[in-house]
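Fold and contact review
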Amino acid sequence: MNELEKLKQELQIKEKIILEKDKISIKQENIISEPKEKRNQDKPNSLDFDTFRTSSKLFKSFNGHKTNVYCIDYLTFGDSQFICSGAEDKTIRVWDIETTEQIQIFTGHSDDVSCVKFSSYHYCNQHSTVICSASSDKTICFWDIKNDKSFQIFNGHTDGVYGIELSSFNGGRYLCSGSHDNTVGLWDIETSRSLHIFNEHTNWVWCVDISPLQNNDNNNDNKNNSIGVIGGNGYTICSGSLDRTIRIWDIETTKQLIVFKGHEYAVRSVKYGSNELINTILSGSWDTSMRLWDIRSGQQIQVFNGHTREVNAVAYSPLVNGNGNMICSGSWDNTIRFCDIRSNKELHVIKGDDVKDDGILCFKFLGLKEEKVKKNERTENGSCSLCYGSSKGIIRIWE
């Protein structure tokens, strides 16, 4: 609790600094009800969905992993773009998007690599490019790309770690993790300390997310809205589990706030919304469904069906559709499906190669290079690409 009080005080002092730092973070765009002309003017890195649907095609492939690619993240640095990937082969690989060449490989984990993230904390505060990884070997590791080595390890979990997420506040200093020891961990990257262990799940925790940077100006009377306030902002963690529940945890008080029930099998992916969707959580499950939940009421809003096998990954799509907000999901059925929230209709399907991919395990939207964003330039098919990892080890980009 002392560490959490320290966290609270630091965030109160640094709130203005946090807001400035996070402006440089890679943020997922959200779709809002504005005229199309205004959307494109205000958000040069958004992409018209109709263009993507009619013109998108397989753009590049990355070969190196030989089996399940569980996770992907990406980083834009000046004129260069990179992705990192983690796989069942116990390796973390770094790729140059332009050339599709593998430029680095880390082999320090002794079991599957389940999640990878480029560390915004090290990038913002130490000007170094670092990858954070979670593994079935029970550890969370930090890898320095320049020095080609691991320099920091978290050993607090007693079983495999399958999901990690970095905080949107305080420059990504805090990390949450989900483990097959049935717990969710909260860590301070700067001090390498465990701040708290959340332990109400009754089975494996597969996935976690941290609520986005926000200003909490609302007066909430409903207990379901009483999220903790840190530094003038409310921050929570959500987690999905094999116990079929999604749970929301208050970072400040460490209390469990809400339990969402409805999925019929393991919850494999959870994501907070932002902007107009700030009070929603999106989830994907091995019951083949994708579901949307309302944090304010504690209730399920919608169920999206269409997949014929387990859903492994979900995301709020940055692709702009005139009918409203879109979400997407990747599945063992080898498809990525785009659904419109307002109409509850499936709008588009990307299908992987049945032989060479054999199941989509993760995906990530990639933006324009930095200099093109500044010039408001667009590629042939728009300003956004979709990268996915498959069960056969191949990583592909659709553009």
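Naming follows an unreviewed UniProt entry, where the protein chain appears as G-protein beta WD-40 repeats containing protein of Reticulomyxa filosa.

**Details of the pairing of strand β31 (residues 385-390)**
Most of β31 sits inside the fold, with 6 of its 6 residues counted as buried. Note that strand β30 (residues 360-366) and β31 share 6 bridges and pair antiparallel. Within the sheet, the bridge partner assigned to leucine 366 lies in β31 and is serine 385. As paired strands, β31 and strand β32 (residues 395-398) are joined by 4 bridges and run antiparallel to one another.

**With respect to unusual backbone geometry**
For arginine 244, which is not glycine, the phi torsion reads 75° and is therefore positive. Secondary-structure assignment places arginine 244 in the loop between β18 (236-241) and β19 (245-250). Residues other than glycine seldom take positive phi values, yet asparagine 334 does so here, at roughly 75°. Relative to the helices and strands, asparagine 334 resides in the loop between β27 (326-331) and β28 (335-340).

**Section: the sheet that holds strand β7 (residues 113-118)**
Here we have 4 strands laid out as an open sheet, ordered β7-β8-β9-β10, and antiparallel in their pairing. Strands with a single pairing partner mark the edges of an open sheet, and in this sheet they are β7 and β10 (149-154). Neighbour-to-neighbour, the strand axes of this sheet turn through a mean angle of 25°, independent of strand direction. Pairing geometry for strand β8 (residues 130-135) and strand β9 (residues 140-144), over 5 bridges, is antiparallel. Residue pairing for β9: valine 130 is matched across the bridge by aspartate 144.

Definitions and limits used
- The residue numbering used here restarts from 1 in each chain and proceeds along that chain's sequence as written.
- Totals for whole chains, interfaces and linings use every residue, but because this is a predicted model, local features are given only for residues with pLDDT of at least 70 and side-chain atom pairs only at 80 or more, for both listing and counting.
- With hydrogens and water stripped out, all remaining heavy atoms of the structure feed into the side-chain values.
- Categorising residues by exposure relies on relative accessible area from a 1.4 Å probe, with only protein chains included: less than 20% of the type maximum marks a residue as buried, more than 50% marks it as exposed, and the intermediate range marks it as partly exposed.
- Secondary structure elements follow DSSP: runs of H or I no shorter than four residues count as helices, runs of E no shorter than two count as strands, and numbering proceeds from the N terminus.
- Between any two strands, pairing holds if DSSP finds at least two bridges.
- Lines are fitted to the C-alpha atoms to define the axes, a helix being fitted only along its stretch in contact, and any angle between axes, read from their N-to-C directions, falls within 0 to 180 degrees.

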